[in-house]
Amino acid sequence: MMDEKDKKTYSNFEFESALNVQEGVKQPEQISNFYLEKMRQNKRNEIPVDTLVDGILHGDRVMLSRAITLVESSRFDHRHKAQQVIEQCIPYSGKSVRVGITGVPGAGKSTTIEALGKMLTALNHKLAVLAIDPSSERSKGSILGDKTRMEELSTDPNAFIRPSPSAGSLGGVARKTREIIILCEAAGFDTVIVETVGVGQSEVAAHSMVDFFLLLQLANTGDELQGIKRGIMEMADMIAINKCDIDPDKAKLAAQQFRNALHLFPMPDSGWTVPVTQCSAYSKEGLQEIWNKILEYVAFTKKNGYFYQKRQQQNLRILDETIENTLKERFYNSPGMEERIEKARRDILENKVSAYSAAERLVESSSI
Ligand SMILES: Nc1nc2c(ncn2[C@@H]2O[C@H](COP(=O)(O)OP(=O)(O)O)[C@@H](O)[C@H]2O)c(=O)[nH]1
Ligand SMILES: [Mg+2]
């Protein structure tokens with residue numbers, strides 16, 4: 001796919017960019033970190049789109065990371081460049097199995113991903129692990145926690161771990177994660193796991209970008225089902241009671257309760273019967289079963305067409321969301337808009353104008 005000329009550019013670039021290696025290179029002390037970071041950023045931004053794309057298609061992690069950095073950036077020129085890279089990667093994407101894992105904080109998602117991930121990479125799967133956690137900017141702890149929990153996986157040559165993009169709204173984080181999935185697939189990752197915290201709306205966002213959604217639960221005291229939002233259970237393609245090493249009988253009981261509860265739900269559109277199992281990221285019990293079920297689900301839904309239908313629906317949703325976001329962005333970035341909104345606010349508070357007509361005028365005056 002790459003001709004000689006491109007190869008040369010690519011390897012030249014690698015050679016030239018040796019200074020960018022972020023670890024192991026001792027920097028003279030008189031250069032401030034701020035300046036070094038600026039230099040790095042500049043360098044990053046200089047990498048041509050074609051070089052990034054070639055790198056990604058060759059499975060080069062440095063190029064993949066840089067492209068992801070562009071995706072995560074809020075700078076307009078970075079975003080623009082990221083879009084070009086994504087556009088060129090799309091034809092090579094879509095071939096992975098996309099798995100979402102949700103559950104309350106502490107359910108053992110990261111630990112399970114580490115254990116399941118090691119199992120998969122040992123089978124020569126190439127695994128990308130992403131996270132959706134809009135709260136991560138505030139509680140930096142969760143990122144640090146995940147890093148230590150996925151210690152082995154993070155040094156595994158067959159795995160690629162990227163913490164949640166920390167900037168912005170849930171919608172922004174979700175969009176970025178979707179784009180990162182495309183880049184990872186183009187880089188040859190055949191399995192993508194998205195970890196998401198089962199609080200708020202982030203699991204809905206995660207569900208909208210994966211093929212299979214696994215809900216991790218704990219066998220708590222007695223009334224397990226009470227605290228669980230019905231919506232999450234309806235989204236799950238499988239439920240696993242984690243930490244069954246602690247009390248196997250209790251885990252079994254909890255699993256049975258979930259099975260009973262699921263009977264009360266209508267049949268999912270996929271036609272798939274949602275399995276419930278016990279597992280342990282520590283003893284590794286149930287992990288093989290989880291993976292087998294994922295493969296079974298993919299085969300089942302590919303056969304009945306639901307797999308493709310769901311991805312199409314997800315794409316249509318991206319269209320809607322992108323239109324919405326683009327309009328909003330254009331509106332708020334219109335020249336002088338900030339001041340005009342400020343003025344409209346004052347006018348409304350002083351009863352000089354109604355909120356409706358002020359809004360209409362602002363929209364009229366924008367560059368949408
Ligand atoms: N006993 C036991 N503890 C576990 C298991 N899985 C995770 N943990 C522990 O539960 C805590 C939370 O795990 P973590 O993976 O960070 O949960 P997350 O917030 O859902 O990602 C950590 O202290 C883990 O060591 C398990 O299978 N058995
Ligand atoms: Mg975690």
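Before reading further, recall that the structure is shown in the block above.
The notes below deal with the structure included here. Quick caveat: nothing in here was measured; it's all calculated off a predicted structure.

**Details of the overall build of the chain**
Line of reasoning, step 1. Along the backbone of the chain there are 16 helices and seven strands.
Line of reasoning, step 2. Relative to its 368 residues, the chain shows a buried fraction of 45%.
Line of reasoning, step 3. Looking at the chain alone, contacts between residues at least 24 apart form 77% of all its contacts between residues at least 6 apart.
Line of reasoning, step 4. Just so you have it, the chain exposes about 20,200 Å², and 55% of that area is on carbon and sulfur atoms.

**Quick look at the packing of helix 13 (residues 287-304) against helix 14 (residues 306-333)**
Line of reasoning, step 1. Where helix 13 contacts helix 14, the axes come no closer than 5 Å and their chain directions differ by 85°. With respect to helix 14, the element helix 13 is oriented roughly perpendicular. For the pair helix 13 and helix 14, the contacting residues are Tyr297, Val298, Thr301, Lys302 and Asn304 in the first and Tyr306, Phe307, Tyr308 and Lys310 in the second.
Line of reasoning, step 2. Of the residues in the contact of helix 13 with helix 14, the class split is five nonpolar, two polar and two charged.

**Thoughts on the nonpolar core**
Line of reasoning, step 1. Within the largest apolar cluster, 87 residues are counted, with the highest numbers of intra-cluster contacts made by Ile56, Leu64, Val85, Leu183 and Ile239.
Line of reasoning, step 2. Examining the composition of this core, we find that eight residues originate from one element, helix 9 (residues 170-186), more than from any other.
Line of reasoning, step 3. Counting the residues that make up this core, at least three belong to each of domain 1 (4-90) and domain 2 (93-307).
Line of reasoning, step 4. Not counting residues within four places of it along the chain, the set of residues in contact with Val85 comprises Val49, Leu52, Val53, Ile56, Ala67 and Leu183.
Line of reasoning, step 5. Among the nonpolar cores identified, the runner-up in size contains seven residues, and Phe331, Ala344, Val353 and Ala358 belong to it.

**As for the state of the cysteines**
Line of reasoning, step 1. In this structure the tally under the stated criterion is zero disulfides.
Line of reasoning, step 2. Among the cysteines around Cys244, which has no disulfide bond, Cys279 carries the closest sulfur, lying 6.4 Å off.

**Concerning unusual backbone geometry**
Line of reasoning, step 1. The backbone phi angle of Asn124 is positive, close to 70°, even though this residue is not glycine.
Line of reasoning, step 2. The backbone phi angle of Lys243 is positive, close to 60°, even though this residue is not glycine.
Line of reasoning, step 3. Residue position: Lys243 is located in the loop between strand 6 (238-242) and helix 12 (248-263).
Line of reasoning, step 4. Relative accessible area serves as the criterion here: at 32%, Lys243 is assigned to the partly exposed category.

**Section: the sheet that holds strand 1 (residues 97-103)**
Line of reasoning, step 1. Ordered in space as 3-2-4-1-5-6-7, the seven strands form an open sheet in which the pairing is parallel. Two strands in the sheet have a free side with no partner beyond their single neighbour: strand 3 (159-162) and strand 7 (276-278). Sheet twist, expressed as the average angle between the axes of neighbouring strands with direction ignored, equals 20°.
Line of reasoning, step 2. Two strands pair when backbone bridges link them, and strand 5 (residues 212-218) and strand 6 are joined in this way by five bridges, in the parallel orientation.

**What about the site of ligand 1?**
Line of reasoning, step 1. Lining the immediate environment of ligand 1, one finds 17 residues, of which Thr111, Arg149, Asp245, Ala281 and Tyr282 sit closest.
Line of reasoning, step 2. The contact in question runs from an oxygen atom of ligand 1 to an N or O atom on the backbone of Ser110, over 2.9 Å.
Line of reasoning, step 3. Notes on ligand 1: free accessible area 580 Å², of which the protein chains cover 81%.
Line of reasoning, step 4. The element contributing the most residues to the shell around ligand 1 is helix 6 (residues 109-122), with three residues.
Line of reasoning, step 5. For the shell around ligand 1, a count of residues per class yields six nonpolar, six polar and five charged.

**Thoughts on the packing of aromatic side chains**
Line of reasoning, step 1. Throughout the structure, instances matching the rule amount to six aromatic pairs.
Line of reasoning, step 2. When the centroid spacing of 5.8 Å and the interplanar angle of 40° are considered together, the rings of Phe160 and Phe189 count as tilted. Remark: Phe189 occurs in the loop between helix 9 and strand 4 (191-197) and Phe160 occurs in strand 3; sequence separation between them is 29 residues. Neither Phe160 nor Phe189 differs from the other in exposure class; each is buried.
Line of reasoning, step 3. Aromatic side chains Phe331 and Tyr332 sit 5.0 Å apart centroid to centroid with 85° between the ring planes, which places their arrangement in the edge-to-face category.

**A closer look at the pairing of strand 5**
Line of reasoning, step 1. For strand 5, the tally of buried residues reaches seven of seven residues, placing the bulk of the element in the interior.
Line of reasoning, step 2. Of the two faces of strand 5, the one carrying Phe212, Leu214, Leu216 and Leu218 and the one carrying Phe213, Leu215 and Gln217 are both buried.
Line of reasoning, step 3. Relative to strand 5, strand 1 is paired through four bridges, and the arrangement is parallel. Paired with Val99 across the strands is Phe212, a residue of strand 5.

**Observations regarding the pattern of salt bridges**
Line of reasoning, step 1. Throughout the structure, instances matching the rule amount to 13 salt bridges.
Line of reasoning, step 2. Note that Glu296 is salt-bridged to Lys293, the shortest N-O span being 3.7 Å. With Glu296 and Lys293 both in helix 13 and three residues apart, this pair spans about one turn of that helix.
Line of reasoning, step 3. Close ionic contact of Glu350 with Lys352 constitutes a salt bridge, the shortest N to O distance being 3.1 Å.

**Let's talk about a nonpolar patch on the surface**
Line of reasoning, step 1. Taken together, the side chains of Leu316, Leu319, Ile323, Leu327, Val363 and Ile368 define a hydrophobic patch exposed on the protein surface, amounting to about 540 Å² of accessible area.
Line of reasoning, step 2. Locating Leu316 in the fold gives a position in helix 14.

**As for helix 6**
In an α-helix, one full turn covers 3.6 residues, which means residues spaced three or four apart are oriented alike.
Line of reasoning, step 1. With 14 residues, helix 6 extends 20 Å from end C-alpha to end C-alpha; this agrees with the ideal 20 Å at 1.5 Å per step.
Line of reasoning, step 2. Within helix 6, eleven of the 14 residues are buried, which leaves it mostly tucked inside the rest of the structure.
Line of reasoning, step 3. Among the residues of helix 6, those classed as buried are Lys109, Ser110, Thr112, Ile113, Glu114, Ala115, Leu116, Gly117, Met119, Leu120 and Thr121.
Line of reasoning, step 4. Just beyond helix 6, the residue with positive phi is Asn124, at close to 70°.

Quick notes on the rules
Residues numbered from 1 in each chain as written. Chains lettered and ligands numbered in written order. Predicted model: local features only at pLDDT ≥ 70, side-chain atom pairs only at ≥ 80, totals over all residues. Heavy atoms only, no water. Helix = DSSP H or I, 4+ residues; strand = E, 2+ residues; numbered from the N terminus. Buried < 20%, exposed > 50% of the residue type's maximum accessible area, 1.4 Å probe, protein only. Contact = heavy atoms within 4.5 Å. Areas by Shrake-Rupley, 256 points an atom, 1.4 Å probe, with all protein chains shown as cover. Axes fitted to C-alpha atoms, helices over the stretch in contact; angles between N-to-C directions. Parallel < 35°, antiparallel > 145°, perpendicular 65-115°, else oblique. Nonpolar A, V, L, I, M, F, W, Y, C, P; charged D, E, K, R; others polar. Core = buried A, V, L, I, M, F, W, Y, C linked by side-chain atoms within 4.5 Å. Domains from an automatic or database assignment. Disulfide = S-S within 2.5 Å. Pairing = 2+ DSSP bridges. Near = heavy atom within 4 Å. Polar contact = N/O pair within 3.5 Å; in protein donor to acceptor, adjacent residues only side chain to side chain. Phe/Tyr/Trp six-rings, centres within 6.5 Å; stacked < 30°, edge-to-face > 60°. Salt bridge = Lys/Arg side-chain N within 4 Å of Asp/Glu carboxyl O. Patch = residues over 30% accessible without salt bridge, like charges linked within 9 Å, V, L, I, M, F, W, Y side chains within 5 Å. Expected span 1.5 Å × (residues − 1).

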